[in-house]
Amino acid sequence: MLEDDDANLNAQERNQLVSAETLKVYQRLGYPVIMTSTRTGQGLEELKSLLHNKTSILVGQSGVGKSSLLNALLPQANARVGALSEWSGLGAHTTSHAELHFLPSGGNLIDCAGFRDFATWHLTLEEVQQGFREISQAALDCKFRDCSHISEPAEVCGVKRALEEGKIETSRMMNFRYIMNEVTA
C-alpha cells in the first residue's frame with residue numbers, strides 16, 4: 001500500500017512498490033511467485049526447476065519481457081525482442097505467433113504473441129469467478145446461486161462477508177468488479 005510519505009517517489013519507484021504489493025497478494029493466495037531478472041539471472045534456476053517436465057506458456061501484454069525471459073532460459077531460442085515505444089510506453093508485437101520450445105531438462109515452453117487488452121464479453125459470472133480463487137470459494141457461502149456479489153447485502157452474500165472479514169483483498173475485489181462490469185456492459 002502506498003503511504004503519504006511515498007509521494008516523493010518517481011514513477012519507476014512507485015511502480016516497483018505497487019508491483020511488490022501485488023506480488024504479495026498472489027503469494028498470500030498460494031500462487032508460486034518467483035522474482036526473476038533477465039539482466040542479473042536472479043530466479044532463473046528456480047524457474048527452470050518449476051518448469052521441469054511440464055508444458056508451460058509465456059503469456060502477457062506486449063513488451064513485458066516474455067521473449068527476453070525465453071532467451072534467458074533458452075539462449076539458443078534467439079527470440080526477437082523489442083524496445084518499448086517512447087511515445088506510448090507500450091510494447092510492440094515482436095512475437096507474431098506461438099512457438100513451442102523444448103527444455104533441455106525436460107518439458108516444453110511456449111512463447112506466444114503479446115496482447116494489449118483482452119475481451120471479456122463472452123465470459124459468464126461463474127467463469128470470471130474461477131479466475132479469482134478466493135472469490136470463487138467465498139461464493140459457496142452465498143445464500144442465492146445467482147448472487148452478483150455487487151448489490152446484495154453481506155448477510156446473504158458470502159463474498160461481501162469475506163471482503164469485510166479481510167479474506168478477500170480489496171484490490172482483487174476491485175479487479176473482479178471491473179471485469180464483471182465489462183462482462184455485463
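As a starting point, this report considers the structure included with it. Remember, it's a predicted structure, so these values are computed and weren't measured experimentally.

**Thoughts on the sheet that holds strand β1 (residues 55-58)**
Ordered by their spatial adjacency, three strands build an open sheet running β1-β3-β2, and the pairing between neighbours is mixed. A strand with exactly one partner marks an edge of an open sheet, and here the two such strands are β1 and β2 (99-102). Pairs of neighbouring strands in the sheet enclose a mean axial angle of 25°, with direction left out of account. Inspection of the sheet shows β1 paired to strand β3 (residues 108-111) by four bridges, in the parallel sense. Within β3, the position partnered with Leu-58 by the bridge is Asp-111.

**What to know about the nonpolar core**
With 17 residues, the main nonpolar core has Val-128, Ile-135, Val-159, Ile-168 and Phe-176 as its most contacted residues. The leading source of residues in this core is helix α7 (residues 170-184), at five residues. Once residues within four sequence positions are removed from consideration, Val-159 is found in contact with Ile-135, Ala-138, Ala-139, Cys-142, His-149, Ile-168 and Met-173. Counting residues in hydrophobic clusters, the runner-up holds 11 residues, among them Leu-73, Ala-79, Leu-103 and Leu-109.

Thresholds, definitions, all that
- Residues numbered from 1 in each chain as written.
- Predicted model: local features only at pLDDT ≥ 70, side-chain atom pairs only at ≥ 80, totals over all residues.
- Heavy atoms only, no water.
- Pairing = 2+ DSSP bridges.
- Helix = DSSP H or I, 4+ residues; strand = E, 2+ residues; numbered from the N terminus.
- Axes fitted to C-alpha atoms, helices over the stretch in contact; angles between N-to-C directions.
- Core = buried A, V, L, I, M, F, W, Y, C linked by side-chain atoms within 4.5 Å.
- Buried < 20%, exposed > 50% of the residue type's maximum accessible area, 1.4 Å probe, protein only.
- Contact = heavy atoms within 4.5 Å.

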